[in-house]
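# Understanding the architecture of this molecule
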Amino acid sequence: MYNGFTSYEGNAVMWTVYHNRGTTMVHATSESIALMRFMAKYPDYVVSKIVRG
């Protein structure tokens, strides 16, 4: 588990979300789902980019 983000989908991959307070790892099946999960937990953070892996 990374920072409270887990995924139970079999084809989920790890995404690194870069934001104004550092980086966070999110497991999701796509970049858009990773962004949605991150923004649901941290709505006041500003995301600069998302990188697979």
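Note that the structure is a prediction, hence the values are computed from the model and not measured. (Residues numbered from 1 in each chain as written. Predicted model: local features only at pLDDT ≥ 70, side-chain atom pairs only at ≥ 80, totals over all residues. Heavy atoms only, no water.)

### What to know about the pairing of strand E1 (residues 13-19)
Counted only if it meets this: Residue exposure (1.4 Å probe, protein chains only): buried if accessible area is under 20% of the type maximum, exposed if over 50%, otherwise partly exposed. Runs of H or I in DSSP of at least four residues are treated as helices and runs of E of at least two as strands, each being numbered from the N terminus. Between any two strands, pairing holds if DSSP finds at least two bridges.
Judged by how many residues are buried, E1 sits mostly within the fold: 5 of 7 residues are covered. In terms of strand pairing, E1 meets strand E2 (residues 22-28) through 7 bridges, oriented antiparallel. By the bridge assignment for E2, Val13 is matched with Ala28. Joining the antiparallel neighbours E1 and E2 is a turn of 2 residues. With 5 bridges joining them, E1 and strand E3 (residues 47-52) adopt antiparallel strand pairing.

### Re the side chain of His19
The criterion, for reference: Contacts: residue pairs with any heavy atoms within 4.5 Å of one another.
Note on placement: His19 falls in strand E1. Given a relative accessible area of 10%, His19 falls into the buried group. The contacts of His19, once residues within four sequence positions are left out, are Thr24, Phe38, Tyr45, Val46, Val47 and Ser48.

### Notes on the nonpolar core
How we decide: Each nonpolar core is a collection of buried residues, namely Ala, Val, Leu, Ile, Met, Phe, Trp, Tyr and Cys, held together in the definition by side-chain atoms within 4.5 Å.
Residues Val13, Trp15, Val17, Val26, Ala28, Ala34, Phe38, Tyr45 and Ile50 constitute the largest nonpolar core, which totals 9 residues. Those elements that provide at least two residues to this core are E1, E2 and helix H1 (31-41). Here this core takes 3 residues from E1, the largest share from any one element.

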